[in-house]
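# Remarks on the overall topology
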Amino acid sequence: MAYRYRSPLTRADVTPKHMYVNRRQLMAGSTAMLGAGLIGGRAAAQEALEPNSLEEITTYNNFYEFGTGKTDPASYAHMLTTEPWSIEIDGMVDNPGTWSMADVMEGMTVEERIYRLRCVEAWSMVVPWNGFELADLLTRVGVQEGARYVAFETLMRPEEMPGQQRAILDWPYREGLRLDEAMHPLTLLATGLYGDPLPNQNGAPIRLVVPWKYGFKSIKSIVRISLVEEMPEATWNMQNPREYGFYSNVNPNVDHPRWSQATERRIGGGLFSGREPTLMFNGYEDEVASLYEGMDLSVYY
Ligand code: MTE
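Quick caveat, the model's predicted, so the values are computed rather than measured.

### Thoughts on the overall build of the chain
- Regarding its fold elements, the chain presents nine helices and 12 strands.
- Put simply, the chain has 301 residues, and 54% of those count as buried.
- In the chain, once contacts between residues fewer than 6 apart in sequence are set aside, the share between residues at least 24 apart is 72%.
- Of the roughly 12600 Å² of accessible surface on the chain, a fraction of 52% belongs to carbon and sulfur atoms.

See below:
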């Protein structure tokens, strides 16, 4: 579908949400739930995998370029200019260059996918993203033989991103995926939520969403995508390699050195506001476990 930044999709334009909800419900209803002995309460909670409200999704954020407080992005992200926007695509690709948002969106099928975002700080929310598969873009770009990883960068613009005026992190924010993770059909480039363009605080105009990994892998406001041979630098991994591994798959059995990852608190949980058990790979185990076959996940965390 053609890229329409200012006149976005309505919810009626996109794939019905039950297709995505059912997927997770199926998994949650089977082995994970039986194993946890929580068929009643938890299965009911899964069935009601209702998205968080737009208000919740846009006022409780992590976007350190605007400060470290959860409400800083909502307060300051309006300072960021997101039009025009372009992405530098480089490295081991057939069609390197500067891609405008219109180029990137050309021919892409934007659909709605309801994914849980599980933050490393042990809270989560459920977000109805609008986006397309990263694999579709990588296929168009033409990944060359020998490329093994995909590296991503957020823009560097301290005059519009006050957090970047301080050395909170080693700017610009960087992330990376192994090529097979990047090509996985669950991996999205999101351009909207709730049928509207992404609010700035959620990573406008385009961000990564990797639902089986801790939220910090889902890098916002991307300006560079590079296909590379060596494992790329990743912001939190560089900051503290013992606490944040390159893979950072959601794993209730491998704790963060300073806190447990076994449970999570659903933001705005209402009726189910207690802590819920965290699911292996954030509930996407059936889809992604094969990517890590034979790897010791306590070593490759
Ligand atoms: N991307 C950039 N550029 N800067 C950030 O600070 N925070 C990450 C991730 N992407 C972050 C980022 C973290 S820790 C999380 S949990 C998610 O964004 C939060 O996404 P949300 O605010 O849309 O819920």
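### Some details on the site of the ligand
- Every one of the 16 residues lining the ligand counts as a neighbour, but Asn61, Tyr64, Glu65, Arg207 and Lys220 are closest to it.
- Take Glu65: an N or O atom from its side chain is 2.8 Å from a nitrogen atom of the ligand.
- The contact in question runs from an oxygen atom of the ligand to an N or O atom on the side chain of Asn202, over 3.0 Å.
- Against a free-state accessible area of 540 Å², the protein chains account for coverage of 98% of the ligand.

### Digging into the nonpolar core
- Of all hydrophobic cores here, the largest spans 73 residues; its most connected members are Trp129, Leu137, Phe152, Leu208 and Trp212.
- Broken down by element, the residue count for this core peaks at five residues, all from strand β4 (residues 123-133).

### Re the packing of aromatic side chains
- Within this structure, the stated rule accounts for 11 aromatic pairs.
- Look at Tyr60 and Trp123: their rings are 5.0 Å apart centre to centre, the planes differ by 85°, and that puts the pair in the edge-to-face class. Within this pair, whereas Tyr60 is found in the loop between α3 (54-59) and α4 (72-76), its partner Trp123 is found in strand β4, the two being separated by 63 residues in sequence.
- The class of Tyr60 is partly exposed, set by a relative accessible area of 22%.
- Classification of Trp123 by relative accessible area gives buried; the value is 4%.
- An aromatic cluster is built from Tyr149, Phe246, Tyr247, Phe281, Tyr292 and Tyr300, whose rings are joined through pairwise contacts.
- One Lys or Arg, Lys217, reaches over the ring of Phe246 and ends 4.2 Å from the middle of that ring.

What counts and what doesn't
Residues numbered from 1 in each chain as written. Predicted model: local features only at pLDDT ≥ 70, side-chain atom pairs only at ≥ 80, totals over all residues. Heavy atoms only, no water. Helix = DSSP H or I, 4+ residues; strand = E, 2+ residues; numbered from the N terminus. Buried < 20%, exposed > 50% of the residue type's maximum accessible area, 1.4 Å probe, protein only. Contact = heavy atoms within 4.5 Å. Areas by Shrake-Rupley, 256 points an atom, 1.4 Å probe, with all protein chains shown as cover. Near = heavy atom within 4 Å. Polar contact = N/O pair within 3.5 Å; in protein donor to acceptor, adjacent residues only side chain to side chain. Core = buried A, V, L, I, M, F, W, Y, C linked by side-chain atoms within 4.5 Å. Phe/Tyr/Trp six-rings, centres within 6.5 Å; stacked < 30°, edge-to-face > 60°. Lys NZ or Arg CZ within 6 Å of the ring centre and 35° of its normal.

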